[in-house]
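# An overview of the molecular structure
Each chain, letter by letter, is given below.
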Amino acid sequence: MLSKELEKALNEQINFELYSSYLYMAMCGALQSMNFEGASNWMKVQAMEEMTHADKMFNFVFERDGKVMLDKIDCPPSEWPSMLAVYEDVYKHEKIVTARISNLMELALSEKDHATSSFLQWFITEQIEEESNAKTIIDKLKMANNAPHMLLMMDMELGKRQFTMPAASEQA
Ligand code: FEO
């Protein structure tokens, strides 16, 4: 069974994962308004992935005999000046997520809750990929230096991203 403190912390992280999804949906809309349909698609997939992160935690809290308490979700920004600014905010946001997961892990370890620390290991690994993906896109956008044909090529590449529903065994 989860301690009350871990239950509360996991509930706060469920809320933050849902906020992440909401933020990325806002970015998806902003990119659509800039006519970057590929990047907008990339961001929608990102938003859907965040929903699966929230769902993973939601299921885990129940499995550990905890209670899920959903709270209101903060309002995300709605405008960014460029595609680069959007991805810089993605990177900034993912670094915050990484720090939050790390704090959760420290709490689980301090309580010797090995089931929770084992569960959180998936998120630790996921965050390496999340940060790396955003950083790679930022680096490429900086190289493109606002050249229209380069931006169009980037947009086409980002448009190839597809959402894959996690297998049932990974959702638990
Ligand atoms: Fe759920 Fe992008 O971290």
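Here, the structure is the one placed above.
Here the structure is a predicted model, which is why all the values come from computation and not from measurement.

Summing up its helical and strand segments, the protein has 6 helices and 0 strands in all. Secondary structure of the protein in N-to-C order comes out as α-α-α-α-α-α. Taken over the C-alpha trace, the protein has a radius of gyration of 17 Å; the compact-globule value for 172 residues is 16 Å, and the two agree within 12%. Oriented by its inertia axes, the alpha-carbon framework of the protein measures out at about 55 × 25 × 25 Å. Here the protein, with 172 residues, has 46% of them falling under the buried criterion. For the protein, contacts bridging at least 24 residues in sequence account for 82% of all contacts bridging at least 6.

Right, let's get into the layout of surface pockets. Looking at the largest pocket, its volume works out to about 210 Å³. Around the largest pocket sit 13 residues that line it, and W42, N133, I137, L158 and R161 are the ones nearest its centre. Secondary structure elements with two or more residues in the lining of the largest pocket: helix 2 (37–63), helix 4 (114–144) and helix 5 (148–158). Among the elements that line the lining of the largest pocket, the one with the most residues is helix 4, at 7 residues. Residue composition of the lining of the largest pocket, grouped by class: 4 nonpolar, 2 polar and 7 charged.

A separate point is the nonpolar core. In this structure, M27, M43, M57, M83, Y87, L104 and L158 are the most contacted members of the largest nonpolar core, which totals 48 residues. Mapped by element, the contributors of at least two residues to this core are helix 1 (4–33), helix 2, helix 3 (83–110), helix 4 and helix 5. The biggest single contributor to this core is helix 1, with 14 residues. Contact partners of L158, with chain neighbours within four places excluded, come to G38, A39, N41, W42, M83, Y87 and I137.

A separate point is the state of the cysteines. Under the definition given, this model contains 0 disulfides. In this structure C28 is a free cysteine whose sulfur lies 16 Å from that of C75, the closest cysteine sulfur available. The exposure class of C28 is buried, given its relative accessible area of 7%. Here C75 falls in the exposed class, since its relative accessible area comes to 70%.

In an α-helix there are 3.6 residues to a turn, and that puts residues three or four apart on one side. For helix 3, built from 28 residues, the straight-helix expectation of 40 Å at 1.5 Å per residue is met to within 8% by its first-to-last C-alpha distance of 41 Å. Trailing helix 3 by a residue or two, K112 shows a phi angle of about 55 degrees, which is positive.

Its location among the elements puts T52 in helix 2. The buried category is assigned to T52, whose relative accessible area is 16%. Engagement of the side chain of T52 in a polar contact is seen with the backbone oxygen of E49, the distance being 2.6 Å.

Following the sequence through the fold, G38 ends up in helix 2. Owing to a relative accessible area of 7%, G38 belongs among the buried residues under this scheme. Between the C-alpha atoms of G38 and D155, which are 117 residues apart in sequence, the distance is 4.7 Å. Aside from chain neighbours lying at most four places away, what touches G38 is D155, L158 and G159.

Here T116 shows up in helix 4. With near-sequence residues (within four places) excluded, T116 lies in contact with L2, L6, F60, R64 and A108.

Reading the values: the criteria
- Residues numbered from 1 in each chain as written.
- Predicted model: local features only at pLDDT ≥ 70, side-chain atom pairs only at ≥ 80, totals over all residues.
- Heavy atoms only, no water.
- Helix = DSSP H or I, 4+ residues; strand = E, 2+ residues; numbered from the N terminus.
- Rg over C-alpha atoms; globule rule 2.2 N^0.38 Å.
- Buried < 20%, exposed > 50% of the residue type's maximum accessible area, 1.4 Å probe, protein only.
- Contact = heavy atoms within 4.5 Å.
- 1 Å grid on protein atoms, 1.4 Å probe; cavity = no way out; pocket = protein on both sides within 12 Å on 5 of 7 lines; lining within 4 Å.
- Points joined across faces, edges and corners; volume = space filled by probe spheres on them.
- Nonpolar A, V, L, I, M, F, W, Y, C, P; charged D, E, K, R; others polar.
- Core = buried A, V, L, I, M, F, W, Y, C linked by side-chain atoms within 4.5 Å.
- Disulfide = S-S within 2.5 Å.
- Expected span 1.5 Å × (residues − 1).
- Polar contact = N/O pair within 3.5 Å; in protein donor to acceptor, adjacent residues only side chain to side chain.

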